[in-house]
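# Topology and contacts: notes
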Amino acid sequence: MQYSNKVAVITGASRGIGAGMATVFARHEMKLGICARRIPEMPVAPKVYCVAGAVDVTNAQAVQRFANGIAAHYGPIDLWVNNAGVLDPINLMRDIDPADFKRLLDINIMGVMHGSQTFVRHRHQHGGGGVLINMSSGAAQSGYPGWSAYCASKAAVERFSEAVAAEEAEYGLRVYAVAPGVVDTEMQATIRSTPSERFPFVERFHQIKANNQFNTEEFIAEHLLAYAFDPARRPQTVVVRVPNQWE
Ligand SMILES: NC(=O)c1ccc[n+]([C@@H]2O[C@H](COP(=O)([O-])OP(=O)(O)OC[C@H]3O[C@@H](n4cnc5c(N)ncnc54)[C@H](OP(=O)(O)O)[C@@H]3O)[C@@H](O)[C@H]2O)c1
C-alpha cells in the first residue's frame, strides 16, 4: 500500500468530508487519529488502524492530548488535517448575536490554530518535515450575504496558513489551505434549509443540488493525499482549490 507507512490526524471526522477522508485514508492502510466533539465511528475498510477520540478543537489542551496519544500509539504524525468547521450563524450581520459570531471564530480560526500549533511543535520534536492541511472554502474569496462570520473565518484560515508556511518552510513543513469545492454534507443541507431572508444566495445551492454539481468526499481525500505525498502533484501555492469533479 502506497501510504501505509503514514500517520495522519483528521479533526471533524464524525461526519461529512472528515468521515469520508477517514474512510479513504483507512483504505490506504494509513495509521489514523480521528476526532470530533462526538467520537467518530471507525472507518470501514479491510484493515483499519485507527484511534478515535472526543476532542473539541476550541480546547487547546484536548487537541494536544489527542496528538500525544496518537504519536504514542503510531509514532510521529506525518499529516495533520484541520477539517473541523461550522457555518452557523447564517444570517445578516445586523441580526447576528455577537456570541454566535464569536463561537464560529473560536472553532474555525482558534481550532485551526490549536491543531496547527500542536502539529508544528510535534514536527519540531521530530526533526521537521510534515504536511499541514487546513480546510478553507470558496467563501474565503468573496463575501456571501448571510455568511459574514464564515467568510471572515475562511479568509483568515488562508492568510494564517500562508504565514505559517513562510515560518516553517526552512524546517521542511509544507502547509496548504485547501478549498474542497461543494460537497453534499450536513453543512450543505443546512445551507439549503436556510430561508432567503437570512441567506439571499440560497437558490444557487438548490441549483447545485438539482444539477448534482458536487465533489465527493472520496475525490477530495485522494487529492489531499496527492498534495501531501506525491511530489509530482505537490501544489506550488499555499492556497489550493480542488478542481470540480463534475466538469
Ligand atoms: N461541505 C462543503 O461544501 C464545504 C465547502 C467548503 C469548505 N468546507 C469545509 O470543510 C470542512 C468540513 O465540512 P463538512 O461539510 O464535512 O461539515 P459537516 O458535515 O458539518 O461536518 C463538520 C465536522 O466538524 C466537526 N466539528 C464541528 N465543530 C467542532 C469542534 N468544535 N470541535 C471538533 N470538531 C468539530 C463536526 O463534528 P461534531 O459536531 O461531532 O463535533 C463534524 O465532524 C469544514 O471546515 C467546512 O468549512 C465544506
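Placed above this text is the structure.
Computed from a prediction, not measured in an experiment: that's the story for all the values here. (Residues numbered from 1 in each chain as written. Predicted model: local features only at pLDDT ≥ 70, side-chain atom pairs only at ≥ 80, totals over all residues.)

A few words on the packing of helix 3 (residues 98-125) against helix 4 (residues 148-168). Close contact between helix 3 and helix 4 brings their axes to 9 Å; oriented N to C, the two are set at 15°. On the basis of the axis angle, helix 3 is roughly parallel to helix 4. Judged by the sense of rotation from one axis to the other, the crossing of helix 3 with helix 4 is right-handed. Along its contact with helix 3, which presents Phe101, Leu104, Leu105, Asn108, Ile109, Val112, Ser116 and Val120, the element helix 4 presents Ala149, Tyr150, Ser153, Ala156, Val157, Phe160, Val164 and Glu168. Residues belonging to the contact of helix 3 with helix 4 are distributed by class as follows: 12 nonpolar, 3 polar and 1 charged. (Axes fitted to C-alpha atoms, helices over the stretch in contact; angles between N-to-C directions. Helix = DSSP H or I, 4+ residues; strand = E, 2+ residues; numbered from the N terminus. Parallel < 35°, antiparallel > 145°, perpendicular 65-115°, else oblique. Left-handed = near helix turned anticlockwise from the far one by under 90°. Contact = placed C-beta atoms within 7 Å. Nonpolar A, V, L, I, M, F, W, Y, C, P; charged D, E, K, R; others polar.)

On to the site of the ligand. The environment of the ligand is made up of 30 residues, and the closest members are Gly12, Gly16, Arg37, Gly85 and Thr185. For the shell around the ligand, the secondary structure elements donating two or more residues are helix 1 (16-27), helix 3 and helix 5 (186-192). (Near = placed C-beta within 6 Å.)

This part takes up the pairing of strand 2 (residues 31-36). With 6 of its 6 residues buried, strand 2 lies for the most part within the structure. Alternating positions in strand 2 separate into two faces, Lys31, Gly33 and Cys35 on one and Leu32, Ile34 and Ala36 on the other, with burial throughout. Relative to strand 2, strand 1 (residues 7-11) runs parallel, the two sharing 5 bridges. Of the residues in strand 2, the one forming a bridge with threonine 11 is cysteine 35. With helix 1 bridging strand 1 and the parallel strand 2, this β-α-β connection has right-handed handedness. Bridge count for strand 2 against strand 3 (residues 49-54) is 6 bridges, and the pairing is parallel. Bridged to cysteine 35 within strand 3 is glycine 53. (Buried ≥ 20, exposed ≤ 12 C-beta atoms within 10 Å, placed from the backbone. Pairing = 2+ DSSP bridges. Right-handed = clockwise from strand over helix to strand, strands pointing away.)

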